[in-house]
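An overview of the molecular structure
One-letter residues, chain by chain:
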Amino acid sequence: MSTDNALESIPVDQQGSFSSFLKTLASFTGDLSALTCPSFLLAPISLLEYSSYWADQPTLLSSVGDSDNAEERFHAAIKWFISALNGSFASRLPKGEWEKKPFNPILGEQFFCQLGDAKVTCQQVSHHPPVSAFHIRDEKKGVTLLGHDGQKTRFSGTQMLVDQIGYCTLKLEARDETYLFTLPSLSVNGIWYAAPYVELYGTSYVQSSSGFHASIAYTTKGWISGEIHHFKATVTNDNDKSAPATIIEGQWTGKSTLTKGKQAAVPFLDLTEVARCQPQVAPIAEQDELESRRLWQKVSDALIAGDYMTASTEKSAIENAQRALRKERAEQNIEWKPTHYKQVDGTEIYGNLRQQITDKADSNFVDTMGDSAWQFTS
């Protein structure tokens, strides 16, 4: 779909709200998360469910620890991470459709699913600031992914810029090995044409307790050269500083290669050849009232049907109910606590891996890991 067609496809009853939205964006400063988005730009899904995309390719996740070689395991971890970026920001979109804004999860909202052999548990553990915690575990392989993600958004020129605040850890029980991953930033382009799309930018880092380290730089196509969705990972080994760096490079939505020292490049990952794993989710009738698909069902159904007035009404009802609950808790001095996570010091989860990342980073390093950590309890 071209950007012209996207503008032409705006429903008549949404054109006024879209114009008002653009005017607000043009003059707005600060965090954009509180802005109300026109209903036709909403996706019929909660942002909390996006956390399950970390296991978009469960086979790649579960196989990270298969090799007896630490370097091969690290490369497998990078392979899984790139597939997760593709699942989170590209392949989840139906072909030919533009990016849309998911619902902001309410405090305590939950999402459960099964992806392959991986069991996924997500919960919204904070609302101000918004934080989604996730725990993904393959019991058979002893592979556990734990992390949290929040967003800080701002507008710059014609782009919405999103810093992902958080990180994830990958633990291999059989290897007694832990990996720490920081998260890239996002730019949302095409908003002015009602045709938003996501690009990654900046640098993310990976540190393994085995001593391997990677810095992953994200770039996109320039006016003259380059390609969209490009990444370049530089892999080094703390235990062998004389060894040449390994370069893994390509598109995080497509094909990439691995080049070790002066050796010829070899194929690394081809995401055009893999199918997405569909999550197994309990029927809505069997879900708790705080589970995402049941909670947002009326809003989602209305959006899918193109009934934007009903979608707006039902969405407002949920949000107003949450405001009333927050007011009631404040008046009664009630502290809300999540049911599946507890807040802990980050070092309980990632040890000294964060310090190793900051020690290796250059002057352009921006630490977006945040100060808190969320440990899975049940």
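Our subject is the structure listed above.
Read on for a plain summary of the structure. Residue indices follow the written sequence of each chain, beginning from 1 at its first position. Predicted model: local features are reported for residues with pLDDT of at least 70 only, side-chain atom pairs are reported and counted for 80 or more only, and whole-chain, interface and lining totals are derived from all residues. Computation of side-chain values: all heavy atoms of the structure, hydrogens and water removed.

1. A short note on helix α4 (residues 70–89)
Helix and strand labels come from DSSP, where a helix needs a run of H or I of at least four residues and a strand needs a run of E of at least two; each type is numbered from the N terminus. What a helix should span is 1.5 Å times the count of its residues minus one. The end-to-end C-alpha separation of α4 is 29 Å, in line with the 28 Å expected for 20 residues at 1.5 Å each. With respect to burial, α4 is a largely interior element, 17 of its 20 residues being buried. Here a polar contact means two N or O atoms within 3.5 Å. Within protein one must be a hydrogen donor candidate and the other an acceptor candidate, and residues neighboring in sequence count only if both atoms are side-chain atoms. Capping the start of α4 is the job of one residue whose side-chain oxygen sits 2.9 Å from the backbone nitrogen of E71: N69. When a residue's accessible area, from a 1.4 Å probe over protein chains only, is under 20% of the maximum for its type it is buried; when over 50% it is exposed; and in between it is partly exposed.

2. Here's the deal with the packing of helix α6 (residues 297–305) against helix α7 (residues 308–331)
Remark: α6 packs on α7, axes separated minimally by 8 Å, with the N-to-C direction vectors making an angle of 165°. As judged from the angle between their axes, α6 and α7 are roughly antiparallel. Where α6 crosses over α7, the handedness of that crossing is left-handed. Residues K298, V299, A302 and L303 of α6 lie in contact with α7, whose contacting residues are Y308, T310, A311, E314, K315 and I318. The convention used is that axes are lines fitted to C-alpha atoms, helices contributing only their stretch in contact, and that angles between N-to-C directions extend from 0 to 180 degrees. Any angle that is under 35 degrees is reported as roughly parallel, and any over 145 degrees as roughly antiparallel; angles of 65 to 115 degrees are reported as roughly perpendicular and all others as oblique. By the definition used in this description, the sense in which the near helix is turned from the far one sets the handedness, with an anticlockwise turn below a right angle giving left-handed and a clockwise turn giving right-handed. Only heavy atoms enter the contact rule, under which two residues are in contact if any of them lie within 4.5 Å.

3. Looking at the pattern of salt bridges
When their charged atoms lie close together, side chains carrying opposite charge are able to pair. The working definition used for a salt bridge is a side-chain nitrogen of Lys or Arg within 4 Å of a carboxyl oxygen of Asp or Glu. In this structure the tally under the stated criterion is 14 salt bridges. A salt bridge links R137 to E139; the shortest N-O distance between them is 2.9 Å. Assessed through its relative accessible area of 15%, R137 is described here as buried. The partner of D163 in a salt bridge is R154, with the nearest N and O atoms 2.9 Å apart. Through salt bridges with shared partners, a single network forms among R137, E139 and E173.

4. A few points about the layout of surface pockets
Using a 1 Å grid laid over the protein atoms alone, points where a 1.4 Å probe fits but cannot get out form a cavity; open sets with protein on both sides within 12 Å along at least 5 of 7 lines form a pocket; any residue with an atom within 4 Å of a point counts as lining. Grid points are joined across faces, edges and corners, and a volume is the space filled by probe spheres set on the points. In this structure, the second largest pocket encloses a volume near 680 Å³. In terms of lining, the second largest pocket is formed by 36 residues, of which the most central are A43, P44, I45, E49 and Y53. Of all the secondary structure elements, the ones that give two or more residues to the lining of the second largest pocket are β1 (42–46), β3 (110–115), α5 (292–295) and α6. Asp, Glu, Lys and Arg are counted as charged, while Ala, Val, Leu, Ile, Met, Phe, Trp, Tyr, Cys and Pro are counted as nonpolar; the rest, among them Gly, fall into the polar class. In the lining of the second largest pocket, the residues fall into 20 nonpolar, 7 polar and 9 charged.

5. Focus on the nonpolar core
Nonpolar core, defined: a set of buried Ala, Val, Leu, Ile, Met, Phe, Trp, Tyr and Cys residues in which side-chain atoms within 4.5 Å join the residues together. Within the largest apolar cluster, 52 residues are counted, with the highest numbers of intra-cluster contacts made by W54, I78, W80, L170 and F181. Among the elements that take part in this core, α4 stands out by supplying 9 residues, more than any other. Excluding anything up to four places from it in sequence, W80 contacts W54, Q57, L60, L61, V64, L145, C168, L170 and F181. Formed by 17 residues, the second largest nonpolar core is a distinct cluster that contains A133, Y167, I357 and A361.

6. Brief notes about unusual backbone geometry
Omega for the bond connecting H128 with P129 falls within 30 degrees of zero, at 0°, which places this linkage in the cis form. Summarising the element assignment, P129 is placed in the loop between β4 (118–127) and β5 (130–138). With phi around 50°, D176 is a residue other than glycine that occupies positive phi space. Tracing the chain through its elements places D176 in the loop between β7 (159–172) and β8 (177–182). Looking at D176, the relative accessible area reads 73%, which means it is exposed. Residues other than glycine seldom take positive phi values, yet N333 does so here, at roughly 55°.

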